[in-house]
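Coordinates in review
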Amino acid sequence: MAAGGALPRIDLAHPSGARAGVYLQGAHVARWTDAAGGDLLFVSERSAFAAGTPIRGGIPVVFPQFADQGPLPKHGFARTARWERVDAGTAPDGAAFALLRLGDDRATRALWPHPFLAELRVAVGAVTLEVALRVANTGDGTMAFTCALHTYLRVGDVRRTAVEGLAGVRYLDKVEAGAERTEERETVTIGGETDRVYLAAPDRLRIHDGESGRTVVVEKRGFRDAVVWNPWEELARGLPDLGDDEYLRMLCVEPANAAEPVRLAPGEEWTGTQRLRVEPGG
Ligand code: TA6
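Residues numbered from 1 in each chain as written. Predicted model: local features only at pLDDT ≥ 70, side-chain atom pairs only at ≥ 80, totals over all residues. Heavy atoms only, no water.

Some remarks on the confidence of the model for the protein
Heads up, the rule is: Confidence of the prediction at every residue is given by pLDDT, a number between 0 and 100. Secondary structure is summarised from DSSP: a helix means a run of H or I of at least four residues, a strand means a run of E of at least two, and numbering begins at the N terminus for each.
Looking at the protein, pLDDT values average 96 and 98% of them are 70 or higher. Across the protein, the secondary-structure element scoring lowest on mean pLDDT is strand β1 (residues 2-4), at 49, and the one scoring highest is strand β5 (residues 61-62), at 99.

Details of the site of the ligand
Convention followed: Only heavy atoms are used to decide nearness, and a residue is near a molecule or strand if one of them lies within 4 Å of it. As used in this structure description, the phrase polar contact means that two N or O atoms lie within 3.5 Å; if the pair is within protein, one of them must be able to donate a hydrogen and the other to accept it, and residues adjacent in sequence are counted only when both atoms belong to side chains. Note on areas: Shrake-Rupley with a 1.4 Å probe; residue coverage comes only from the protein chains shown. Within this scheme a cavity is a closed region of a 1 Å grid, computed over the protein atoms alone, that accommodates a 1.4 Å probe without allowing it to escape, whereas a pocket is open but has protein on both sides within 12 Å along at least five of seven lines; lining residues each have an atom within 4 Å of a point. Each molecule is checked against the cavity or pocket grid, and it sits inside if more than half of its atoms lie within 2 Å of the grid points. Three categories are distinguished: nonpolar for Ala, Val, Leu, Ile, Met, Phe, Trp, Tyr, Cys and Pro, charged for Asp, Glu, Lys and Arg, and polar for the others, with Gly belonging to the last.
Surrounding the ligand, one finds Arg 56, Phe 66, Ala 67, Lys 74, His 75, Arg 79, His 150, Lys 174, Asp 195, Val 227, Trp 229 and Glu 254. His 75 is positioned such that a nitrogen or oxygen atom in its side chain is 2.9 Å from an oxygen atom of the ligand. Note that an oxygen atom of the ligand is positioned 2.6 Å from one of the side-chain N or O atoms of Asp 195. Protein coverage of the free-state accessible area of the ligand, which is 390 Å², stands at 87%. Judged by the fraction of its atoms near the pocket grid, the ligand is located in the largest pocket. Counted by class, the shell around the ligand contains four nonpolar, two polar and six charged residues.

A closer look at empty space enclosed by the protein
Our working definition: Grid points are joined across faces, edges and corners, and a volume is the space filled by probe spheres set on the points.
Inspection of the entire model under this criterion finds two cavities of 30 Å³ or more. For the largest cavity, the calculated volume is near 50 Å³. As for the largest cavity, its lining consists of Leu 40, Leu 153, Arg 154, Val 155, Ile 207, Asp 209, Arg 214 and Val 216. For the lining of the largest cavity, the elements supplying multiple residues, two or more each, are β11 (152-154) and β17 (204-209). Of the residues in the lining of the largest cavity, the class split is five nonpolar, no polar and three charged. Computed from the structure, the second largest cavity encloses a volume of approximately 40 Å³.

Here it is as structure tokens:
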């Protein structure tokens, strides 16, 4: 177990040289480098890495409330909760993995009155990172939650970054007060503040970084929606844990159940998985 600032972290190392770092706070993947040494996740230079403060970058686990869609703290409590390390090692397919767990306690029940068990499994291969969130309803009543893996991809220049795979998909545009629209573009480029929930999005998207020539293929299972977020210049200036120009080096593409909650009867469980795969630039 390593420490980043004061926060304990599990470091994963694949024989190929690929690496990942997972903080117990939030079960937060805050570093992923592939076998070629490419740094794939954006983390802000201003992120505090302090107990109780969300990490700005990496893959925050959003649960049990997406954004401000309810009475809980923004994006729920999972991203600042202390998760427990259950297991870590080498998976049968050779991936380096870690399994972390979060259950309800007095603090979570004060905010959200549901007994639950959440597990996050992170697995690193030579050019892949797989993150699976499993949630079980361990109580006697039905529970409903929204969630996301709020993935900050590192890009050379967001103005030269393209997202492929969203043509024809309906989306809620949070920059336009939640207006519902249809994506017309084969290739979505970012030229201003962007905050969209693409509804029932395709399970595979390609994010092409024009600066490095690198493509990251994002595959999801279990998650219905895909959120695309970049704060752009003005909003970024208002975020104390993001440098003024850092918005240029990040794009969030987030598998999510944001528009409609997941509903679980007692004893039921749900799993959502995201698999990221790097295709190097030519
Ligand atoms: O997923 C997009 C979003 O909900 C945006 O509206 C934006 O606020 C972002 O998440 C980051 O939220 P945070 O609380 O981490 O500043």
